[in-house]
Amino acid sequence: MLPRDTLLKGSRCRQELAALIDLAEEALRTWEPRWSGFVDAELKEEAEARLGALSEVSLLADGGWPQAERCRLLIGRADLAADSEAPAPAAAVSGLVVSGNFLFDPAEPADVRQGLLQAGLQAADLGDLWMRGDRGAQAVLSQEAATLADNREAQVRSVPVRLQVVPLEQVQWPALRSPKQLSSVEASLRLDAVGSAGLGLSRSRMAELIRQGAVRVNWQVVTSPSKELRCGDRVRLDGRGELEVVEIQPTKRDRWRLVMQRR
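What comes next concerns the included structure. (Residues numbered from 1 in each chain as written. Predicted model: local features only at pLDDT ≥ 70, side-chain atom pairs only at ≥ 80, totals over all residues. Heavy atoms only, no water.)

**Topic: the nonpolar core**
Selection criterion: As used in this record, nonpolar core signifies buried Ala, Val, Leu, Ile, Met, Phe, Trp, Tyr and Cys residues forming a set joined through side-chain atoms within 4.5 Å. Think of it in three bands: with a 1.4 Å probe and only protein chains considered, a residue is buried below 20% of the maximum accessible area for its type, exposed above 50%, and partly exposed in between. Secondary structure elements are taken from DSSP: a helix is a run of H or I of four residues or more, a strand is a run of E of two residues or more, and numbering for both begins at the N terminus. It only takes one pair of heavy atoms within 4.5 Å for two residues to be counted as in contact.
Core analysis: the largest hydrophobic core is formed by 22 residues, its most contacted members being Leu-96, Val-98, Val-112, Leu-116, Leu-141 and Val-161. Of all the secondary structure elements, the ones that give two or more residues to this core are β4 (93–99), α5 (109–118), β5 (126–131), β6 (136–142), α6 (146–149), β7 (153–156) and β8 (159–166). Residues contacting Leu-116, with those up to four places away along its chain left out, are Leu-96, Val-98, Leu-121, Leu-126, Leu-129 and Leu-163. Grouped together as the second largest cluster of nonpolar side chains are 21 residues, Leu-209, Val-235, Ile-248 and Met-260 included.

Here it is, written out as structure tokens:
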């Protein structure tokens, strides 16, 4: 048995991490690796830091593409992984095309995800999701849910959409972003001000998205535009990437000189 109490102590994702511990114990007991459903980046980081540090457990993540935020975790015995010369299996995932006319009712990724959940998919079925202009969206989907989703109709906001499962090779992936360093001088360290400067949005639009729950700081949804950021904080906005605050220095005029890295 794994040291469950120690692994869960201080966890911000206690219930979800407990389910992964159950999966790890099953893999150890049966000698068969087990795939989890899709997990978010915060849980992935916790699992890698806690379960991945155990000498008896091997843990690999796969979200279908190199910059995946949401991933499936392959949990198995470390001794089996070390003895095997074969490459680790890829996660059982497919692509999902969500087609609809969003010209007159633009949607955010969170709106599409909510529509898919209301159509019967589970959160663990859905990996990364991104918009394709006003034509709809694409996503990574577990193969276990492919039959349920294929050729289904759903609704996103006021827009009827059709779902189509496709091979990953047919997915049009978001543009890969190389890390880019930015600098800015701001009057405050408020989330709306720093996010606006780093993510290329107007401050009013940034504040609106924050209030809508579309912005996360260190993987936690934040709905207050006035939240002050600190060095090391990571700001994530679906469709716009991630911004990390690398350095904060006060200026002589009571402002803040920021160094940020955008991915």
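**A look at helix α7 (residues 191–199)**
Extensive coverage of α7 is indicated by the burial of 8 of its 9 residues. If you check which residues of α7 are buried, you get Leu-191, Asp-192, Ala-193, Val-194, Gly-195, Ser-196, Gly-198 and Leu-199. Buried residues in α7 make contact with β9 (180–186), α8 (203–211), β10 (215–217), β12 (234–237), β13 (241–250) and β14 (256–262). Just beyond α7, the residue with positive phi is Gly-200, at close to 75 degrees.

**A short note on α5**
Which entries qualify depends on this criterion: This arc corresponds to the set of directions leading from the helix axis out to the C-beta atoms.
Taken residue by residue, α5 has Pro-109, Val-112, Gly-115 and Leu-116 as its buried positions. Viewed along the axis of α5, the buried residues span an arc of 125 degrees, placing them on a single side of the element. For α5, the secondary structure elements touched by its buried residues are β4, β5, β6, β7 and β8. With its phi angle positive at about 115 degrees, Gly-120 sits one or two positions after the end of α5.

**Some remarks on the pattern of salt bridges**
Pairing between side chains of opposite charge can happen when their charged atoms approach one another. The following threshold applies: By definition, a salt bridge exists where a carboxyl oxygen of Asp or Glu is found within 4 Å of a side-chain nitrogen of Lys or Arg.
One pass over the full model with this rule turns up 19 salt bridges. In this structure, the salt-bridge partner of Arg-4 is Asp-22, at a minimum N-O distance of 2.5 Å. Note that Arg-4 is positioned in helix α1 (residues 4–8) and Asp-22 in helix α2 (residues 14–30), a separation of 18 residues in sequence. Under the relative-accessibility criterion, Arg-4 is labelled partly exposed at 25%.

**Considerations on the side chain of Ser-11**
As a reminder of what qualifies: Each polar contact in these results corresponds to two N or O atoms within 3.5 Å; when the atoms are within protein, one needs to be able to donate a hydrogen and the other to accept it, and residues that are neighboring in sequence are counted only if both atoms are side-chain atoms.
By the secondary structure assignment, Ser-11 is in the loop between α1 and α2. For Ser-11, a relative accessible area of 15% corresponds to the buried category. In terms of polar contacts, Ser-11 uses its side chain to reach the backbone amide nitrogen of Cys-13, at 3.0 Å. A polar atom in the side chain of Ser-11 sits 3.3 Å from the backbone nitrogen of Arg-14. Once residues within four sequence positions are removed from consideration, Ser-11 is found in contact with Leu-17, Glu-46 and Arg-50.

**What to know about the pairing of β13**
Put simply, the rule is: Here a strand pair is declared whenever DSSP counts at least two bridges between the two strands.
Bridge count for β12 against β13 is 4 bridges, and the pairing is antiparallel. In the strand pairing of β13, Arg-234 is matched with Glu-244. The sheet contact formed by β13 and β14 spans 7 bridges and is antiparallel. Looking at β14, one finds that Ile-248 is bridged to Leu-258. Counted along the chain from β13 to the antiparallel partner β14, the turn is 5 residues long, and its residue Asp-254 has a positive phi close to 60 degrees.

**Regarding unusual backbone geometry**
Phi at Trp-31 is positive, roughly 65 degrees, even though this residue is not glycine. Tracing the backbone through its elements, the reader meets Trp-31 in the loop between α2 and β1 (34–39).

**Things to note about the state of the cysteines**
To keep it simple, the criterion reads: We call a pair of cysteine sulfur atoms a disulfide when they lie within 2.5 Å.
Tallied over the full model, the rule gives 0 disulfides. With no disulfide of its own, Cys-71 lies 14 Å from the sulfur of Cys-13, the closest cysteine sulfur. Judged by relative accessible area, Cys-71 falls into the buried class, the value being 4%.

**Regarding the packing of α2 against helix α3 (residues 41–50)**
Packed helices, taken two at a time, are described by their axes: the angle between them and the distance between them. For the record, the criterion: Interaxial angle, 0 to 180 degrees, is taken between N-to-C directions of lines fitted to C-alpha atoms, where a helix line uses only the stretch in contact. Any angle from 65 to 115 degrees is called roughly perpendicular, while one under 35 is roughly parallel, one over 145 is roughly antiparallel, and all others are oblique. What makes a crossing left-handed is the near helix being turned counterclockwise from the far one by less than a right angle; a clockwise turn instead makes it right-handed. Polarity classes work like this: nonpolar for Ala, Val, Leu, Ile, Met, Phe, Trp, Tyr, Cys and Pro, charged for Asp, Glu, Lys and Arg, and polar for all others, with Gly in that last group.
The N-to-C vectors of α2 and α3 enclose an angle of 50 degrees; their axes lie 10 Å apart at closest approach. The orientation of α2 with respect to α3, classified from their angle, is oblique. In terms of crossing hand, the pair formed by α2 and α3 is right-handed. Between α2 and α3, the residues in contact are Glu-16, Leu-17 and Leu-20 and Leu-43, Glu-46, Ala-47 and Arg-50, respectively. Split by residue class, the contact of α2 with α3 holds 4 nonpolar, no polar and 3 charged.

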